[in-house]
Amino acid sequence: MRRDETIFNLINRELTRQEEGIELIASENFVSKQVMEAAGSVLTNKYAEGLPGKRYYGGCEVVDEVETIAIERAKQLFNAEWVNVQPHSGAQANAAVFLALLQPGDKILGFDLSHGGHLTHGSPVNFSGKLYQPLFYGVDKETGLIDYKQLEEVALQERPKVIICGASAYSRDWDYAFIRRVADEIGALVVADISHPAGLIARGLLSDPLPHCHVVTTTTHKTLRGPRGGLIMVGKDFENPWGIKTPKGEVRSITSLLDLAVFPGTQGGPLEHIIAAKAIAFGEALSEEYMEYVIQVKKNAAALAKVFVDKGYSIISGGTDNHLMLIDLRNKGISGKAAEAALGKAGITINKNMVPFDDKSPFVTSGIRLGTAAITSRGLKEEQMLEIAEMIDVALIKHDDDTALGKIHNKVKLLMAEYPLYK
Ligand code: PLP
């Protein structure tokens, strides 16, 4: 077969873009070479429907070992009693959890998308808002912190079957114990989606949801720095006192319902090449080096947030406990969309984001979301956060001036040349 230069040229262009730019998209990261090697390995050739030791295909002896190692490492990393490493993505993990625990039409209570939640937590444009009856809680208008009182009030009044916590754009820790207490009062299940801060939670830098939440889902590619994928975990709540049934009408444990909801419920064959890459990433995340990495991710986010606050930017909730921050640009007279475009011209990649109580549409937005997981993988520290915040500030002030943005782009290239991506 002829080498497909069209695609490989594009891949090379993307490599250059990643190498030369400042990557501040909070949900992105740079995986290690060995994670990439596993993701591009011969394991992509293998079908393995089922679970290790219980497959619907022959020739699974090697992938059985790979998947078992991935499961064991994930359990060790998160201190989980049970995990399923097969979800193809975070959205797939959440789809499987809802399929396992809910019936169509059941009520779910999630964090409002426009306040920082995720589409799969009940948005009307997503399966979760179409198949189930979504209810929402948000943040307090004054503090920007989760309004736990509202969460409790809606839960007690509406009695949802599932309460979902976790977010895509919330910079503070969660009170999982409180949410569990509310859920226990109404006999609901708690699902925590820790996609964003998973790496920080795994290494003890944020509260641990596993002792409190019945089910925990995550992506594997954000702070966790693995391949694109999903993961479902259970801490201790195997029991099924709700009598939730399988499609065949059997009452099984929560973990058995979850396994069935992944396969055959929502997926076919697992991606064993990605599962191998997940196993490597989990192994890396257990290392001392990764511990230093996540500590630095947090330090960098705090340093970046501080400079913005000092420069008069309004950060939702006033700062950050994790790897990200949401900046409300309304006092700076620029929309999220215009900011994203200007920063793009300066070689700084971020995303526009709705802020709580936003008066602009999701296509325009009043805010931007920044995260430090990717730049910390490049080796940048607090000192460079000052430099980056300075460049962002100038780019936003001069957002209409292409010459000024071009100058910043050159400075960005020079800075990032000092931190090679794949040496
Ligand atoms: N859950 C949360 C909280 C997320 O932030 C995301 C992705 O941004 C997802 C789920 C979905 O993950 P994926 O894009 O892998 O489907």
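Keep in mind the model is a prediction, meaning the values are calculated, not measured.

Conventions used here
Residues numbered from 1 in each chain as written. Predicted model: local features only at pLDDT ≥ 70, side-chain atom pairs only at ≥ 80, totals over all residues. Pairing = 2+ DSSP bridges. Helix = DSSP H or I, 4+ residues; strand = E, 2+ residues; numbered from the N terminus. Contact = placed C-beta atoms within 7 Å. Axes fitted to C-alpha atoms, helices over the stretch in contact; angles between N-to-C directions. Left-handed = near helix turned anticlockwise from the far one by under 90°. Nonpolar A, V, L, I, M, F, W, Y, C, P; charged D, E, K, R; others polar. Expected span 1.5 Å × (residues − 1). Buried ≥ 20, exposed ≤ 12 C-beta atoms within 10 Å, placed from the backbone. Near = placed C-beta within 6 Å.

A. Geometry of the sheet that holds strand S14 (residues 351–353). The 4 strands lie next to each other as S11-S12-S15-S14, forming an open sheet whose pairing is antiparallel. The open sheet terminates on both sides in strands that have one partner only, identified here as strand S11 (314–315) and S14. Here S11 runs beside strand S12 (residues 324–328); their pairing, made up of 2 bridges, is antiparallel. Counterpart to Ile315 in the pairing with S12 is Ile327. In the packing of helix H11 (residues 288–310) onto the sheet, contacts are made with S11, S12 and strand S15 (367–371), and the angle to S12 comes to roughly 15 degrees.

B. Summary view of the packing of helix H4 (residues 90–101) against helix H9 (residues 254–266). Interaxial distance between H4 and H9 falls to 8 Å at its minimum, and their mutual angle equals 115 degrees. Considering how the two elements wind past one another, H4 and H9 form a crossing that is right-handed. Along its contact with H4, which presents Gln92, Ala95, Ala96, Val97, Leu99 and Ala100, the element H9 presents Leu257, Leu258, Ala261, Val262, Gly265 and Thr266. Taken together, the residues of the contact of H4 with H9 sort by class into 9 nonpolar, 3 polar and no charged.

C. Structural detail: H11. Taking 1.5 Å of rise per residue, the 23 residues of H11 would be expected to cover 33 Å, and the 33 Å separating its terminal C-alpha atoms lies within 8% of that figure. Among all positions of H11, only Tyr290, Tyr293, Val294, Val297, Lys298, Asn300, Ala301, Leu304 and Ala305 are buried.

D. Fine view of the site of the ligand. Around the ligand sit 14 residues, and of these Ser89, Gly90, Ala91, Ser168 and Ser195 come closest. A per-class count over the shell around the ligand returns 2 nonpolar, 11 polar and 1 charged.

E. Seen up close, the sheet that holds strand S10 (residues 230–234). The mixed open sheet is built from 7 strands, whose spatial order is S4-S10-S9-S8-S7-S5-S6. Every interior strand has two partners, whereas the edge strands, strand S4 (82–84) and strand S6 (133–137), have only one. Adjacent strand axes in the sheet meet at a mean angle of 20 degrees when their direction is disregarded. Of the strand pairs in this sheet, strand S8 (residues 189–193) and strand S9 (residues 215–219) are connected by 3 bridges, and their pairing is parallel. Directly across from Asp193, in S9, lies its bridge partner Thr217.

Geometric descriptors of this kind do not, in isolation, establish any biological role.
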